[in-house]
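Examination of the molecular architecture
Now for the letters of each chain:
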Amino acid sequence: MLPLPALLALTTTVFLGCLAEVLPAGLLLGMSADLGVSPSATGQLVTVYAITTALTAIPLTTATLRVPRKRLLLALIAGFLVTNLLIALSPWYPLILAARVFSGALTGVMWSLVAGYAMRLAPPGLAGRALAVAMSGTPIGFALGVPAGTALGELAEWRWAFAGMALITVPLLVWVLVAVPAVPADPVRPTRPLAASRLPGMRPLLATVVLFSLGHNLAYTYIGPILAGLDSVRMLGAVLLVFGCATVGGLIAVGAALDRRPRAVLITCTAATAAAIVLIGLGDGVPGLVLTAACLWGLAFGGAPTAFQAVTALIAGPTADAAQSLTIAAWNGAVAGGALLGGLVLPLGTFLLPWCAAFVILSPLLFSRRVVLSVPPIASRVAR
């Protein structure tokens, strides 16, 4: 039986990390007006966050591997409390930007920590499901957190959205103290992430992560222009809602299959995401086709990050915590890269964006045959 109280505390931590990263996109206009900066400058609060996470995940994870896991988790949550409260109260854009850099660094360590923590708390045979429960904070953040935070910012003021995140961390600290078992660090095991990159299958997996995230963000960042090119910009809200809700279903489906067929899950998520993005381009603005494509996209994407982290643990075995930082750095670096690549393709025509995204996403299938080809199920390889 899964230790749900502990796993749900990890879920809430992931939810806060996801929401902290993407929420400024929904509050962009209000923040720009209040801080006296351009919308473009406000948008950099998201870009800087992702880049910081990518750049710091490996060195900070390496530096904290010998810290007891529960103590580190509490420190990260306290860091979210401080940074979100600072953003809510500060009238100065440079200080807010600095807080975002610090918060991005916290998030890089958090992603690496939570994945290994959840799988080590699980009973034998249920590691994949435990990881899916913990990582459900990401699709819930997209489906419910971002719309709720955006609505709060519109009804009251954008600062209340960040204040709300800060307030959530207070009971979360108590929850973790009471419900999450301590997991000691093990200084005897190999701890260098770059050494983990040389494990069989790790480099093809990292190539898969980079290209998947790059292609997804190439399309997702510019979904508004894509729909406008199809004369369907009025459907943007519905598409994002369907996508966000479908990610929850995708995570549930992946969690049920990860323990037995991790490689099949990885390939399915990749192929289905590419197919869904192409279907949006081919839908010619027909509402039924576009919403069906958004649903398929959400289902495939909802489970993909969890699948990547589970396969990382499967390949890395006892060095899973260190190896997770490689996956996190690869993913977040590609988030910024996808937005940049999409911006270069956009002037050539919005019709090219879905095709370019699908091509990039499908490229890893050339490598994924080498990922988890002959390794046993996840549960038998997770370190205790």
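Residues numbered from 1 in each chain as written. Predicted model: local features only at pLDDT ≥ 70, side-chain atom pairs only at ≥ 80, totals over all residues. Heavy atoms only, no water.

A separate point is the overall build of the protein. Along the protein, the regular secondary structure elements total 17 helices and zero strands. Radius of gyration (C-alpha) of the protein: 20 Å, near the 21 Å computed for a compact globule of 384 residues. With the C-alpha coordinates aligned to their principal axes, the bounding extent of the protein is approximately 55 × 50 × 35 Å. Buried positions account for 55% of the 384 residues belonging to the protein. Sequence-distant contacts in the protein: of pairs separated by 6 or more residues, those separated by 24 or more amount to 86%. Accessible surface computed for the protein: about 15100 Å², of which carbon and sulfur atoms make up 74%. (Helix = DSSP H or I, 4+ residues; strand = E, 2+ residues; numbered from the N terminus. Rg over C-alpha atoms; globule rule 2.2 N^0.38 Å. Buried < 20%, exposed > 50% of the residue type's maximum accessible area, 1.4 Å probe, protein only. Contact = heavy atoms within 4.5 Å. Areas by Shrake-Rupley, 256 points an atom, 1.4 Å probe, with all protein chains shown as cover.)

It is worth spelling out the pattern of salt bridges at this point. In this structure the tally under the stated criterion is one salt bridge. Across the pair Asp34 and Arg159 runs a salt bridge whose closest N-O atoms are separated by 3.0 Å. Here Asp34, found in helix 2 (residues 28-35), pairs with Arg159, found in helix 8 (residues 158-179); they are 125 residues apart in sequence, far enough to count as distant. (Salt bridge = Lys/Arg side-chain N within 4 Å of Asp/Glu carboxyl O.)

Moving on to unusual backbone geometry. With phi around 60°, Asp231 is a residue other than glycine that occupies positive phi space. Structurally, Asp231 can be placed in the loop between helix 11 (223-229) and helix 12 (236-257). By relative accessible area, which is 63% here, Asp231 ends up exposed. Even without glycine at this site, Asp284 takes up a positive phi of about 55°. Inspection of the secondary structure puts Asp284 in the loop between helix 13 (262-282) and helix 14 (287-316).

What follows is about the state of the cysteines. Applying the stated criterion across every chain, the model contains zero disulfides. Cysteine Cys245 shares no disulfide, and the gap to the nearest cysteine sulfur, in Cys295, comes to 9.4 Å. (Disulfide = S-S within 2.5 Å.)

A few words now on the environment of Val290. By the element assignment, Val290 lies in helix 14. Linking Val290 and Met235, residues 55 residues apart in sequence, is a C-alpha distance of 8.7 Å. Residue contacts for Val290: discarding those within four places in its chain leaves Leu227, Met235, Val239, Ile280 and Gly285.

So, about the environment of Ala313. Looking at the secondary structure, you find Ala313 in helix 14. The sequence separation of Ala313 and Ala357 amounts to 44 residues, and the corresponding C-alpha distance is 27 Å.

Right, let's talk about the domain arrangement of the protein for a bit. Under the domain assignment used here, the protein contains domain 1 (1-182) and domain 2 (194-368). One C-alpha centre belongs to domain 1, the other to domain 2, and the line joining them spans 21 Å. Of the residues lining the interface, 30 residues belong to domain 1; the matching set on domain 2 comes to 25 residues. Regarding the contact of domain 1 and domain 2, the summed buried area is about 2200 Å², with carbon and sulfur atoms giving 71% of it. The tally of links between domain 1 and domain 2 comes to zero salt bridges. Seen at the junction of domain 1 and domain 2, the total is zero residue pairs in polar contact (both at pLDDT 80 or more). Of all elements in the fold, only helix 3 (39-64), helix 5 (93-121), helix 6 (127-135) and helix 7 (137-155) reach the threshold of two or more residues within the side of domain 1 that touches domain 2. Its residues assigned to classes, the side of domain 1 that touches domain 2 shows 18 nonpolar, eight polar and four charged. (Domains from an automatic or database assignment. Buried area = accessible area lost by both parts, 1.4 Å probe. Polar contact = N/O pair within 3.5 Å; in protein donor to acceptor, adjacent residues only side chain to side chain. Nonpolar A, V, L, I, M, F, W, Y, C, P; charged D, E, K, R; others polar.)

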